[in-house]
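# Survey of secondary and tertiary structure
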Amino acid sequence: MILSELHLRHFRNYDDLTVHFAPGVNVLIGHNAQGKTNMLEAIYALSLTKSHRTNNDRDLINWQHQSAMISGVVEKQTGRVPLELQFTTKGKKAKVNHLEQARLSSYVGQLNAILFAPEDLSLVKGAPALRRHFMDTEFSQMSSKYLYDASQYRTLLRQRNKYLKQLKYGQQHDRVLLSVLSDQLAAYGAEVIVARYHFLHQLEKWAANLHEQISLQAEQLKLKYITQVNVGDDTSVDQVYHQLLKIYQDHQEREVDQGTTSYGPQRDDIHFVVNGKNVQAFGSQGQQRTTALSVKLAEIDLMKEQTGEYPLLLLDDVLSELDTIRQTHLLTAIQDKVQTFLTTTSLSDVARQLIHQPTIFEIKNGNLIKEEA
């Protein structure tokens, strides 16, 4: 898929901007605080209906205005799809083909985008919450069912945690409702766990190949899904549901005493294993960065495999964090394959040599100037 046109109105430091992008590599060059990352944030938001930088949509609206709008035209194999996302102080609305969507979940997946920023290099060594967020963000774009199941699970988890606290402090006494919530949570939790297992298994296939190439055949990468139930290639959703439900039943008193749900996919993690060793604990910084790069690039092929379309790739000042070898592998992997948006203060000699006919935009004070070839 290609984002051929983007229009921003009152978004961050962009007042009213329309830009046409090339299908290859679009380079956004500019000094800091000129709007490079804001541009990638707008594309990301048009894809996922939310920012990757803030949970407060009000931050996206120019301070002088009460609303902001992002719209674009996506070119897909099935045709041309206009998309629109409106942010107001009262909420947001999403449109596909000029038709407002009743639920944001029915909008997600129209435009798929993978963001790779310097902080993503901490995917391997960072906290487990980062890796759970990674799974939910990427897998939700590939599967509307996963998006729905994960959303339902989070809603039920909040309800169950609230009720556990009420039981803990004697504000409620009915254990029947707790059993109902546990049953529902186990049902959606099982769907999430089985989906994560299979998505990670497929992601490993692509990531292992890339990691081997970047390490010059010296290292082999495996992804190990860490969850509290037994799950394998042939494990059914129903089997995981019964495992989870039994865990909730067996640990009911403990969870009431703690006032929180201690079991389920909200505790999951991924272990990255290189040549049999856990990279988080024992890998060098170089190995950790190679692993993160391999996993992020593997998403491109996995998304193509799952949806039939290549996603957009958003590279937010990531070249400055990579050495020459990793820069080379990154730029070679995306060449003539996926529409890319790359922000940088200046293109390195390596990038200039490797990027085939880049379209370069200079960003200054919220304005884009296309450099002539």
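See the structure above.
Reference entry: report on the structure contained in this document. Nothing here was measured: the structure is a model prediction, and the numbers come from that model. (Residues numbered from 1 in each chain as written. Predicted model: local features only at pLDDT ≥ 70, side-chain atom pairs only at ≥ 80, totals over all residues. Heavy atoms only, no water.)

All right, on to the packing of aromatic side chains then. The final tally for this structure, using the stated rule, is six aromatic pairs. Ring geometry for Phe 139 and Tyr 146: centres 5.9 Å apart, planes at 85°, overall edge-to-face. Here Phe 139 falls in the buried class, since its relative accessible area comes to 1%. Members of the aromatic cluster, joined through ring pairs, are Phe 21, Phe 341 and Phe 361. Over the aromatic face of Tyr 310 sits the side chain of Lys 304, whose NZ or CZ is 5.4 Å from the ring centroid. (Phe/Tyr/Trp six-rings, centres within 6.5 Å; stacked < 30°, edge-to-face > 60°. Buried < 20%, exposed > 50% of the residue type's maximum accessible area, 1.4 Å probe, protein only. Lys NZ or Arg CZ within 6 Å of the ring centre and 35° of its normal.)

Of all the 10 residues making up strand 1 (residues 2–11), seven are buried; the element is thus mostly covered by neighbouring parts of the structure. Where strand 1 and strand 4 (residues 67–76) come together, seven bridges link them in antiparallel fashion. What sits directly across from His 7, in strand 4, is Ser 71. Following strand 1, the chain reverses through two residues before pairing antiparallel with strand 2 (residues 14–20); Arg 12 in that reversal takes a positive phi of roughly 50°. (Helix = DSSP H or I, 4+ residues; strand = E, 2+ residues; numbered from the N terminus. Pairing = 2+ DSSP bridges.)

Let us now look at unusual backbone geometry. Positive phi outside glycine occurs at Asp 317, with the angle close to 55°. As for its position among the elements, Asp 317 is in the loop between strand 12 (312–316) and helix 9 (324–334). The phi dihedral of Asn 365 falls on the positive side, at around 50°, and the residue is not glycine. Position of Asn 365 among the secondary structure elements: in the loop between strand 14 (359–364) and strand 15 (367–370). Given a relative accessible area of 55%, Asn 365 falls into the exposed group.

Once that is clear, we can look at helix 2 (residues 128–142). When the terminal C-alpha atoms of helix 2 are compared, their 22 Å separation across 15 residues agrees well with the 21 Å that a helix rising 1.5 Å per residue should span. Of all the 15 residues making up helix 2, 11 are buried; the element is thus mostly covered by neighbouring parts of the structure. (Expected span 1.5 Å × (residues − 1).)

With that out of the way, let us pick up the pattern of salt bridges. In total, this model carries 19 salt bridges according to the counting rule given. Glu 191 is the partner of Lys 145 in a salt bridge, and the nearest nitrogen-oxygen pair spans 2.8 Å. In this pair, Lys 145 is assigned in helix 3 (residues 144–168) and Glu 191 in helix 4 (residues 175–214), connecting sequence segments 46 residues apart. Taking relative accessible area as the criterion, Lys 145 reaches 45% and is therefore assigned partly exposed. Across the pair Asp 301 and Lys 337 runs a salt bridge, and its minimum N-O distance is 2.9 Å. Highlighted residues: Asp 301 in helix 8 (residues 285–307) and Lys 337 in the loop between helix 9 and strand 13 (340–344), separated in sequence by 36 residues. Via salt bridges that share partners, Asp 136, Arg 154, Arg 196 and Asp 268 belong to a single interconnected network. (Salt bridge = Lys/Arg side-chain N within 4 Å of Asp/Glu carboxyl O.)

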